[in-house]
Amino acid sequence: MKLRDIAGSTEHLTCGHRLCTGCAEPIIVRQVLHAAENPVVVANATGCLEVATTIYPYTAWKVPWIHSAFENTAATISGVESAYRALKRKGKIDKKINFIAFAGDGGTYDIGLQSLSGALERGHAFLYVCLDNEAYMNTGIQRSSSTPRGSWTTTTPVGEKLVGKPEYKKDITEIVAAHGIPYVAQTAPSHWMDLMTKVKKALKVEGPTFINVASPCPRGWRSEPEESMRLSRLAVETCYWPLYEIENGVWKINLKPKKKPIEEYLAPQKRFAHLLKPQNKHIVDDLQRRVDERWEVLQWKAEVSQQRSQQKQPPQTPASQT
Ligand SMILES: Cc1ncc(C[n+]2csc(CCOP(=O)(O)OP(=O)(O)O)c2C)c(N)n1
């Protein structure tokens, strides 16, 4: 895959949408759609991407696209994919089509989790892309279960009683991995080659696949619009957001950076400004400790699962997903 080829290929999400300046979501969507080799059908949950790209009577999408409620994007795309399989069985359609769902962290970690889990378990062939901007941004920056500990949001204010969100971020990538589906990955738009390679891989799989993408949001992260890709890179380089994939139960880390301290990621974002005051140092230390611990466990999982696969004892995959 060469940059020149991507630059020359058709845009499937066009300019003219009304996403904020510096929003990573359209960059991610364009990277995903450029990586797709077959025609695609997209289901899109309610959220920033949906509202800002389809302001009636306009649309920025050049692919078949269906809006779905906040809670059931995975069910919607499963239905579309089932209809496609039925038409194929009847010989009414013979071309290869890929099915992609896009949803924010609110639609994935929280409200859409049940339908996502169901669709993964049923084994539909689709790619689910979570655009993780770590809060309910479209409705005014409310906390989600993806919001990191210590972060300011409008529902986790900073004051005497509360110093941002008290709870840790939920690890949806691991929750999805626990479904035993054939392909799960985590990536970031600053690492476009990693992102696009993962999309290509996922779309080749005959079964459910999931990619979680870090999606910087200048409005909600209280950061400068031009900083978004640098923040995406810092998320990876601090190991806050490791680039890894799980292919048929085998964990692989795609980039092992020279780990930078978590402050470098926190400092440019005003949602964490209070954490840099001396009295809140314990929260930064706690975040660092957690990043370090999780990075260690991830490396251990990659090592052990790779050893197992080399011994030709891959974890069992249900028959419906082989
Ligand atoms: C069942 C339901 N609850 C609440 C809402 C209101 N709502 C619309 S978008 C949104 C937040 C979306 O957040 P997220 O999925 O993280 O996407 P983002 O807008 O941040 O990209 C909410 C709460 C809704 N449309 N449906």
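One can find the structure itself at the top, above this paragraph.
Residues numbered from 1 in each chain as written. Predicted model: local features only at pLDDT ≥ 70, side-chain atom pairs only at ≥ 80, totals over all residues. Heavy atoms only, no water.

A.B. asks: It is not clear to me how unusual backbone geometry should be interpreted in this structure. Could you clarify?
C.D. replies: When glycine is set aside, most residues are seen to have a negative phi, and most peptide bonds are trans. Here the amide bond leading from Tyr-56 into Pro-57 is cis, since omega sits at 5 degrees, within 30 degrees of zero. The residue Pro-57 is located in the loop between helix 3 (48–53) and strand 2 (65–68) in this model. At Cys-239, a residue that is not glycine, the phi angle is positive and equals roughly 65 degrees. Residue Asn-248 is not a glycine yet carries a positive backbone phi of 45 degrees. (Helix = DSSP H or I, 4+ residues; strand = E, 2+ residues; numbered from the N terminus.)

A.B. asks: Please clarify how the pattern of salt bridges should be interpreted in this entry.
C.D. replies: Side chains that carry opposite charge are capable of pairing whenever their charged atoms lie near each other. One pass over the structure, following the stated rule, counts 22 salt bridges. A salt bridge links Glu-81 to Arg-85; its shortest N-O distance comes to 3.0 Å. Placement of the pair is Glu-81 and Arg-85 together in helix 4 (residues 73–89), with a separation of four residues, close to one helical turn. Classification of Glu-81 by relative accessible area gives buried; the value is 4%. Given a relative accessible area of 38%, Arg-85 falls into the partly exposed group. The salt bridge partner of Lys-259 is Asp-292, with a shortest N-O separation of 2.7 Å. (Salt bridge = Lys/Arg side-chain N within 4 Å of Asp/Glu carboxyl O. Buried < 20%, exposed > 50% of the residue type's maximum accessible area, 1.4 Å probe, protein only.)

A.B. asks: What's the story with the sheet that holds strand 3 (residues 98–104) in this structure? I'm lost.
C.D. replies: Two modes of strand pairing occur in sheets, parallel and antiparallel, and in both the strands are linked by backbone hydrogen bonds. Ordered in space as 2-1-3-4-6-5-7-8, the eight strands form an open sheet in which the pairing is mixed. Of all strands in the sheet, those with a lone pairing partner are strand 2 and strand 8 (250–253), marking the two edges. Between one strand axis and the next, the sheet turns by 15 degrees as a mean value, whatever way the strands run. Two strands pair when backbone bridges link them, and strand 5 (residues 183–187) and strand 6 (residues 209–214) are joined in this way by five bridges, in the parallel orientation. For Tyr-183, the partnering residue across the bridge sits in strand 6 and is Thr-209. Contacts from helix 4 reach strand 1 (40–45), strand 2, strand 3 and strand 4 (127–132) within the one sheet, and its direction differs from that of strand 3 by about 170 degrees. Across the sheet, helix 12 (residues 281–310) is in contact with strand 7 (244–247) and strand 8; its angle to strand 8 comes to roughly 130 degrees. (Pairing = 2+ DSSP bridges. Axes fitted to C-alpha atoms, helices over the stretch in contact; angles between N-to-C directions. Contact = heavy atoms within 4.5 Å.)

A.B. asks: Even after reading the chapter, I still don't get helix 10 (residues 228–237), so can you show me in this structure?
C.D. replies: Owing to its 3.6 residues per turn, the α-helix brings residues three or four apart onto one side. Within the span of helix 10, buried status applies to Ser-228, Leu-231, Ser-232, Leu-234, Ala-235 and Val-236. Structurally, helix 10 contributes buried residues whose contacts are with helix 9 (218–221) and helix 11 (263–266). Where helix 10 terminates, the next one or two residues include Cys-239, which has phi positive at roughly 65 degrees.

A.B. asks: Would you take a moment to explain the site of the ligand for this structure?
C.D. replies: Neighbouring residues of the ligand: 16 residues in total, closest Cys-48, Gly-106, Gly-107, Met-137 and Asn-138. At 3.0 Å, a side-chain N or O of Glu-25 approaches an oxygen atom of the ligand. One of the backbone N or O atoms of Ala-135 is found 3.0 Å from an oxygen atom in the ligand. Protein coverage of the free-state accessible area of the ligand, which is 600 Å², stands at 76%. Broken down by element, the residue count for the shell around the ligand peaks at three residues, all from helix 5 (residues 105–110). (Near = heavy atom within 4 Å. Polar contact = N/O pair within 3.5 Å; in protein donor to acceptor, adjacent residues only side chain to side chain. Areas by Shrake-Rupley, 256 points an atom, 1.4 Å probe, with all protein chains shown as cover.)

A.B. asks: Just checking my understanding: could you explain the environment of Arg-149 for this structure?
C.D. replies: Here Arg-149 is to be found in the loop between strand 4 and helix 7 (172–177). Counting along the chain gives 143 residues from Arg-149 to Ile-6, while the straight-line C-alpha distance between them is 37 Å. The contact partners of Arg-149, leaving out residues within four places of it in the chain, are Lys-165, Pro-166, Glu-167, Tyr-168, Lys-169, Phe-272, Ile-283, Asp-286 and Leu-287. Reaching out from Arg-149, the side chain makes a polar contact with the backbone oxygen of Pro-166 at a distance of 3.2 Å.

A.B. asks: Honestly, the nonpolar core in this entry has me stumped. Any pointers?
C.D. replies: For soluble globular proteins, the rule of thumb is that nonpolar side chains tend to be buried together. Membership of the largest hydrophobic core comes to 55 residues, with the highest contact counts inside it found for Phe-126, Tyr-128, Val-176, Phe-210, Trp-241, Tyr-265 and Leu-266. Setting aside anything within four residues of it in sequence, one finds Phe-210 in contact with Thr-108, Leu-116, Leu-127, Tyr-128, Cys-130, Ile-172, Thr-173, Val-176, Ile-181, Tyr-183, Val-184 and Ala-185. (Core = buried A, V, L, I, M, F, W, Y, C linked by side-chain atoms within 4.5 Å.)

These results come straight from atomic positions and should not be treated as a statement about function.
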